[in-house]
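One letter stands for each residue in the lines below.
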Amino acid sequence: MTLHSDVAELLAEAGIVDVDVDEAVADDHARTSAYLRVVSVIAASRSRDRDRAIVATILRDPDESGSKTAVVALVDEIAWKVTGPAEFRQWSDELLPEIDQLKAEAYREFIRRRIDDWLFYLSIKDGHVPTPAELAEVTDWMQRHLAEWSRSPEVLAVVAESARTKKTRNIAKNRAGSRELRTE
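The model shown is predicted, which means the values in this text are computed figures rather than measured ones. (Residues numbered from 1 in each chain as written. Predicted model: local features only at pLDDT ≥ 70, side-chain atom pairs only at ≥ 80, totals over all residues. Heavy atoms only, no water.)

1. Quick word on the overall build of the protein
Counting its secondary structure elements, the protein contains 12 helices and zero strands. Listing the helices and strands of the protein from first to last along the sequence gives α-α-α-α-α-α-α-α-α-α-α-α. Seen through its principal axes, the protein has C-alpha atoms that stretch 55 × 30 × 30 Å. In the protein, which comprises 184 residues, the proportion classed as buried is 43%. Residue pairs at least 24 apart in sequence account for 61% of intrachain contacts in the protein once pairs closer than 6 positions are excluded. (Helix = DSSP H or I, 4+ residues; strand = E, 2+ residues; numbered from the N terminus. Buried < 20%, exposed > 50% of the residue type's maximum accessible area, 1.4 Å probe, protein only. Contact = heavy atoms within 4.5 Å.)

Right, dumping it as structure tokens:
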């Protein structure tokens, strides 16, 4: 497959007709933007059957930075849609062989960390209250995400006490004391 045929195939599969394939092939930024649109359409689908093939196609792109960005966007969107950590683990395990094809170890590791972060978040959403040691295992991004979005006073208390950054601890502390959270 060529980059041109890969981009054309992804756009066609997503039903996106307003992207100039030649322009996307010539411009990394335009191509990444096209991939993000494809990912958004694909993530909105109920079927997850083609996700691995789509990720494999995106990750063949010579611009690994742009393809990593698109795959992370897909991981993020699917994490919001799944019913729990088991479903997300099963889905993400399907992608790992494709992710392992990335040449840049830092990009492989970034995607794997994002998957781990979402697994952590989904377990908390299912009722798990993390220990400070468990919280220390996730990225600053996920700690901040928990501080900003968790509705659990217990989780917010752990984040307020144990997050790595002062800003994240303060966000969690302020939210834990908010009247809105107490009235639910």
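2. Quick notes on the packing of aromatic side chains
Under the criterion given, the structure shown has five aromatic pairs. Their ring planes at 90° and their centres at 5.4 Å tell us that Trp-118 and Tyr-121 sit as a pair that is edge-to-face. Note that Trp-118 and Tyr-121 are positioned in helix 7 (residues 105–125) at a spacing of three residues, about one turn of the helix. Of the two residues, Trp-118 and Tyr-121, both sit in the buried class. Clustering of aromatic rings is evident, with ring pairs tying together Trp-80, Trp-118, Tyr-121 and Trp-141. The ring of Trp-141 has Arg-114 sitting right over it, with the charged end atom 3.8 Å from the ring centre. (Phe/Tyr/Trp six-rings, centres within 6.5 Å; stacked < 30°, edge-to-face > 60°. Lys NZ or Arg CZ within 6 Å of the ring centre and 35° of its normal.)

3. Looking at the side chain of Gln-143
Mapped onto the elements, Gln-143 comes out in helix 9 (residues 140–149). Of note is the side chain of Gln-143, whose polar atom sits 2.9 Å from the backbone nitrogen of Arg-164. Apart from the residues lying within four places of it in its own chain, the contact partners of Gln-143 are Leu-135, Ala-136, Val-138, Val-159, Ala-163, Arg-164 and Thr-168. (Polar contact = N/O pair within 3.5 Å; in protein donor to acceptor, adjacent residues only side chain to side chain.)

4. Re the packing of helix 1 (residues 3–14) against helix 3 (residues 28–44)
Running from amino to carboxyl end, helix 1 crosses helix 3 at an angle of 35°, the nearest separation of the two axes being 9 Å. Relative to helix 3, the crossing made by helix 1 is left-handed. Taking contact as the criterion, the partners of Leu-3, Val-7, Leu-10, Leu-11 and Ala-14 in helix 1 are, on helix 3, Arg-31, Ala-34, Tyr-35, Val-38, Val-41 and Ile-42. Along the lines of polarity and charge, the residues of the contact of helix 1 with helix 3 split into 10 nonpolar, no polar and one charged. (Axes fitted to C-alpha atoms, helices over the stretch in contact; angles between N-to-C directions. Left-handed = near helix turned anticlockwise from the far one by under 90°. Nonpolar A, V, L, I, M, F, W, Y, C, P; charged D, E, K, R; others polar.)

5. A few points about the nonpolar core
Counting 53 residues, the largest nonpolar core has Leu-11, Ile-58, Phe-88, Ile-115, Leu-146 and Val-159 as the members making the most contacts within it. Those residues in contact with Leu-11, other than ones at most four positions away along the chain, are Ile-16, Val-19, Val-21, Ala-34 and Val-38. (Core = buried A, V, L, I, M, F, W, Y, C linked by side-chain atoms within 4.5 Å.)

6. Focus on the confidence of the model for the protein
Overall, the predicted model of the protein reaches an average pLDDT of 95, with 97% of residues at or above 70. At the low end of the mean pLDDT range in the protein sits helix 12 (residues 179–182), at 62; at the high end sits helix 8 (residues 132–136), at 98. (pLDDT = per-residue confidence, 0-100.)

7. Points about the pattern of salt bridges
In the structure shown here, the tally under the stated rule is 10 salt bridges. Measuring nitrogen to oxygen at the nearest pair gives 2.9 Å for the salt bridge that ties Asp-6 to Arg-60. Residue Asp-6 is found in helix 1, and its partner Arg-60 is found in the loop between helix 4 (51–59) and helix 5 (64–81); the two are separated by 54 residues along the sequence. Judged by its relative accessible area of 3%, Asp-6 is buried. The salt bridge partner of Arg-31 is Asp-28, with a shortest N-O separation of 2.7 Å. (Salt bridge = Lys/Arg side-chain N within 4 Å of Asp/Glu carboxyl O.)

8. Let's talk about the environment of Val-7
By the element assignment, Val-7 lies in helix 1. Since its relative accessible area comes to 1%, Val-7 is described here as buried. Placed 138 residues apart in sequence, Val-7 and His-145 show a C-alpha to C-alpha distance of 33 Å. The residues contacting Val-7, other than those within four sequence positions of it, are Val-21, Ala-24, Val-25, Arg-31 and Tyr-35.

9. What about the environment of Lys-103?
With respect to the helices and strands, Lys-103 occurs in the loop between helix 6 (85–99) and helix 7. Taking relative accessible area as the criterion, Lys-103 reaches 74% and is therefore assigned exposed. Excluding residues within four positions of it along the chain, Lys-103 makes contact with Glu-64 and Arg-108.

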